[in-house]
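Structural overview
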Amino acid sequence: MSRSTKLFETYKLGPITLANRLVMAPLTRNRAAPGTFVPSPLAADYYGQRASAGLLITEASQISQQGQGYQDTPGIYSKDQVAGWRKVTDKVHERGGKIFIQLWHVGRISHVDLQANGAAPVAPSAIRAKGKTFVNGTFADVSEPRALELSEIPGIIDDFKRATKNALEAGFDGVEIHGANGYLLDQFARDGANKRTDAYGGSIENRARLMLEVAKAVATEAGSDRTGIRISPVTPANDLSDSNPQPLFDHIVDGLNALKLVYLHVVEGATGGPRDIAPFDYASLRKRFAGAYVANNGYDFDLATKVLDTNAADLIAFGKPFISNPDLVERLKRGAALNEWDKNTFYGGGAKGYTDYPTLAAEPAE
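Report follows, based on the coordinates. (Residues numbered from 1 in each chain as written. Predicted model: local features only at pLDDT ≥ 70, side-chain atom pairs only at ≥ 80, totals over all residues. Heavy atoms only, no water.)

1. Quick look at the pattern of salt bridges
The tally for this structure, following the rule as stated, stands at 16 salt bridges. Here aspartate 250 and arginine 288 are joined by a salt bridge, their closest N and O atoms 3.4 Å apart. Of this pair, aspartate 250 sits in helix H6 (residues 245-258) while arginine 288 is found in helix H7 (residues 282-288), placing the two residues 38 residues apart along the sequence. In this structure aspartate 250 comes out as buried when scored by relative accessible area, which is 11%. Several salt bridges converge on common partners, so that one network encompasses Asp250, Asp254 and Arg288. (Salt bridge = Lys/Arg side-chain N within 4 Å of Asp/Glu carboxyl O. Helix = DSSP H or I, 4+ residues; strand = E, 2+ residues; numbered from the N terminus. Buried < 20%, exposed > 50% of the residue type's maximum accessible area, 1.4 Å probe, protein only.)

Now the structure itself:
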């Protein structure tokens, strides 16, 4: 008996038609090949198993070595990485799925051991985040960053552009810019990390500039109808804050809307934490943005159904439930029990806790 809800209706996202309104959120798994940061051969199985989601968004993938902040995360800046991702997109497409890659620059959330020649990570301002990263098999304090020179900023935009070109070559249906969770673009936008006094600091317009310039460059390369972006207006993730997030993100979303991006992916509340951590009017973003609104954070079947029914969102992103339920769509349709996830296998390792979670079809009938 399948449950009737808008969640399982098809949805037209730019030039592609999604089989349903479930989105698999980007989930860092730290299983790329050490040293080359090529997606592991298991990654094709992992994403392929989950191809029944309307849209898969890959784990965040760094646009350059400088953009890496954690051990064994995949890149999208070398030929070998492109070839590794091609195996993933081929498998997903064979199974009728659609897949976007999430493009990432971590900014200050990095460690000297991940940077070329042990260099300091880069940031809008030389302010060290209170936080940890996963490096050398353990959690370590993030390193002291240095402020980016004005002359370096065009190079970062170019890295996003080149990563987009690589993503299309790897067969992705589109790209998602990571503008959330306290990483580089979010660091520039929010005044807790950005104390610059040049054209990229101070006013809301200046702090929003880099995110909007990157969005424009990526959309020019991929087509705006294949470009999405993720934001998290009030999350405290990675020690980030802003003194007045509503006007800042209203301005950012107006700029993204002008670029006609295909979707806006919003982490509502604290990433992986309380949805009501701080007051914020997400409906204001929804009103300002003509493309699809992807709602994220703590969604289950009931909340997803309610939000879709009231037209407060178009698509619903699920994170951890997709880790442990490759057939999440089918389980939600049938109202079947969900597999519990194993936190110990989230980051790093092999097939265990990655490609070995059972599907309904694989379980004995009751």
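2. With respect to the packing of aromatic side chains
Within this structure, the stated rule accounts for 13 aromatic pairs. Centroid distance tyrosine 70 to tryptophan 104: 5.6 Å. Interplanar angle 10°. Geometry classified as stacked. In this pair, tyrosine 70 is assigned in the loop between strand E4 (55-62) and helix H2 (79-94) and tryptophan 104 in strand E5 (residues 99-104), connecting sequence segments 34 residues apart. Under the relative-accessibility criterion, tryptophan 104 is labelled buried at 1%. With a centroid separation of 5.5 Å and an interplanar angle of 65°, the aromatic rings of tryptophan 85 and phenylalanine 172 are classed as edge-to-face. (Phe/Tyr/Trp six-rings, centres within 6.5 Å; stacked < 30°, edge-to-face > 60°.)

3. What about the pairing of E5?
Counted residue by residue, E5 has six buried out of six residues, so it is predominantly covered. Side chains of E5 alternate between two faces, with Ile99, Ile101 and Leu103 and Phe100, Gln102 and Trp104 buried alike. With respect to chirality, the unit in which E4 leads through H2 into the neighbouring parallel E5 is right-handed. Judged from the four bridges that link them, E5 and strand E10 (residues 174-178) form a sheet pairing that is parallel. Following the sheet pairing, phenylalanine 100 is matched in E10 by glycine 174. (Right-handed = clockwise from strand over helix to strand, strands pointing away. Pairing = 2+ DSSP bridges.)

Read these as layout, nothing more, since geometry by itself doesn't imply function.
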